[in-house]
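What follows is the residue order along each chain.
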Amino acid sequence: MGNNMKKIKLDIVGLSYSQTQSGAYALVLGEISGRRRLPIIIGAFEAQAIAIEIEKMTPSRPLTHDLFKSFADAYHIVIQEIIIYNLVDGIFYSKLICSDGKKTVEIDARTSDAIAVAVRFDCPIYTYEFILSTAGIVIEGNDFVYLENINETPEEKTATAASGGATGGFNSLSTDELKSKLQEALFEEAYEKAAKIRDELNRRKAS
């Protein structure tokens, strides 16, 4: 196992409502001792499941993830950690490391579900270095760096925003334009948009 497979601990640093896609949220994870952030696009239901637990709100009836927790508790199964272990075509793959005190089992899960479970079991979230170096977005200082795009008039701004379809119209932009758009999205804390720009940049690197 090279340094590439080094396990890195992540924290939930934010959950933001998506600007571009209704019903999508960006869950932002950050490395504990560094500047990299990992934005992951998740659905409204999972976002709600994570938010409810973080805010310690109690739903009147148990949500699916609460049920999962009660079920595990009833049979004395502990989730020791969750690992975001792979990234393929912009999709993050995760697994739960579960133990009944005697044997340890790895269970595959969608990343949004894995995080919703992690906050309920209060267990650590890890990923590998290769995932953070591919998909992590670096935040400069404690603040975002804003790369002012001087040539862009306000009209152009609204035009590009309006054309933001599924790909966000990013494929027509040059790589440098994309990079400054990425910084702009980060400045606005538009993590979901940032994640899409990152995916487009990674796609270009791959091709």
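My aim in this report is to walk through the structure given alongside it, one point at a time. Per chain, residues are indexed from 1 in the order of the written sequence. Predicted model: local features are reported for residues with pLDDT of at least 70 only, side-chain atom pairs are reported and counted for 80 or more only, and whole-chain, interface and lining totals are derived from all residues. By convention in this description, side-chain values take in all heavy atoms of the structure and omit both hydrogens and water.

Re the pattern of salt bridges
Then comes step 1: Salt bridges are defined as contacts in which a side-chain nitrogen from Lys or Arg sits within 4 Å of a carboxyl oxygen from Asp or Glu. Applying the stated criterion across every chain yields a total of 12 salt bridges.
Then comes step 2: The closest approach of N and O atoms between E46 and R110, which form a salt bridge, is 2.5 Å. Separated by 64 residues along the polypeptide, E46 in helix α1 (residues 44-54) and R110 in strand β6 (residues 104-110) bring together distant segments of the chain.
Then comes step 3: We note a salt bridge from R203 to E200, for which the minimum N-O separation is 3.0 Å. For the purposes of this entry, the term helix denotes a DSSP run of H or I that reaches at least four residues, the term strand denotes a run of E that reaches at least two, and both are numbered from the N terminus.

Focus: a nonpolar patch on the surface
Then comes step 1: On the surface, F71, Y75 and I77 cluster together into a nonpolar patch covering about 340 Å² of accessible area.
Then comes step 2: Topologically, I77 is positioned in the loop between α2 (64-74) and β4 (78-88). The patch calculation keeps residues exceeding 30% relative accessible area without a salt bridge and links them within 9 Å when they carry like charges or within 5 Å when they are nonpolar (Val, Leu, Ile, Met, Phe, Trp, Tyr). Each accessible area is a Shrake-Rupley result for a 1.4 Å probe, and residues are judged covered by the shown protein chains and nothing else.

Quick word on the environment of N171
Then comes step 1: Along the chain, the position of N171 falls in the loop between α5 (154-162) and α6 (175-187).
Then comes step 2: Judged by relative accessible area, N171 falls into the partly exposed class, the value being 45%.
Then comes step 3: Only heavy atoms matter for contacts: two residues are in contact if any of them lie within 4.5 Å across the pair. With residues near it in sequence (within four places) discarded, N171 still touches E200, R203 and R204. Buried means the residue's accessible area, taken with a 1.4 Å probe over protein chains only, is under 20% of the maximum for its type, while exposed means over 50%, and partly exposed covers the values in between.

So, the pairing of β6
Side-chain positions along a regular strand alternate between the two faces of the sheet.
Then comes step 1: Bridge analysis of strand β5 (residues 91-99) against β6 gives 7 bridges, and the strand direction is antiparallel. If you follow K95 over to β6, its bridge partner there is D108.
Then comes step 2: Linking two consecutive strands that pair antiparallel, namely β5 and β6, is a turn of 4 residues; a positive phi of about 95° is found at G101 within it. Each pair of strands is called paired provided DSSP finds at least two bridges between the two strands.

Considerations on the nonpolar core
Then comes step 1: The set of buried Ala, Val, Leu, Ile, Met, Phe, Trp, Tyr and Cys residues whose side-chain atoms join them within 4.5 Å is what this entry labels a nonpolar core. Formed by 32 residues in total, the largest nonpolar core has its most connected members in L29, L38, I79, I82, I84, F92 and L96.
Then comes step 2: For this core, the secondary structure elements donating two or more residues are β1 (7-17), β2 (24-31), β3 (36-43), α1, β4, β5, α3 (111-121) and α4 (129-135).
Then comes step 3: Residue contributions to this core peak at 6 residues, all from α3.
Then comes step 4: In contact with F92, other than residues within four places in its own chain, are L38, P39, I40, I84, N86, L87, T111, I131, A135 and R198.

With respect to α2
Then comes step 1: Buried within α2 are the following residues: H65, D66 and A72. Buried residues along α2 cover an arc of 125° about the axis, so they all sit on one side. Among the exposed residues of α2, those pointing more than 90 degrees away from its buried face are T64, L67, F71 and A74.
Then comes step 2: Looking at the buried residues of α2, the elements they touch are α1 and α3. What the arc measures is the spread of directions leading from the helix axis to the C-beta atoms.

Brief notes about the packing of α6 against helix α7 (residues 191-206)
Then comes step 1: Angles here are taken between N-to-C directions and fall from 0 to 180 degrees, while the axes themselves are lines fitted to C-alpha atoms, restricted in helices to the stretch in contact. One way to put it is that α6 packs onto α7 with a least axis distance of 8 Å and a crossing angle of 155°. Between α6 and α7, the interaxial angle falls into the category roughly antiparallel. In the packing of α6 onto α7, the handedness of the crossing is left-handed. On α7, the residues that touch T175, L178, K179, K181, L182, A185 and L186 of α6 are Y191, K193, A194, I197, E200, L201 and R204. Roughly parallel refers to an angle under 35 degrees, roughly antiparallel to one over 145, roughly perpendicular to one between 65 and 115, and oblique to any angle outside these ranges. Here is the rule for handedness: rotate from the far helix to the near one, and if that takes an anticlockwise turn smaller than a right angle the crossing is left-handed, while a clockwise turn gives right-handed.

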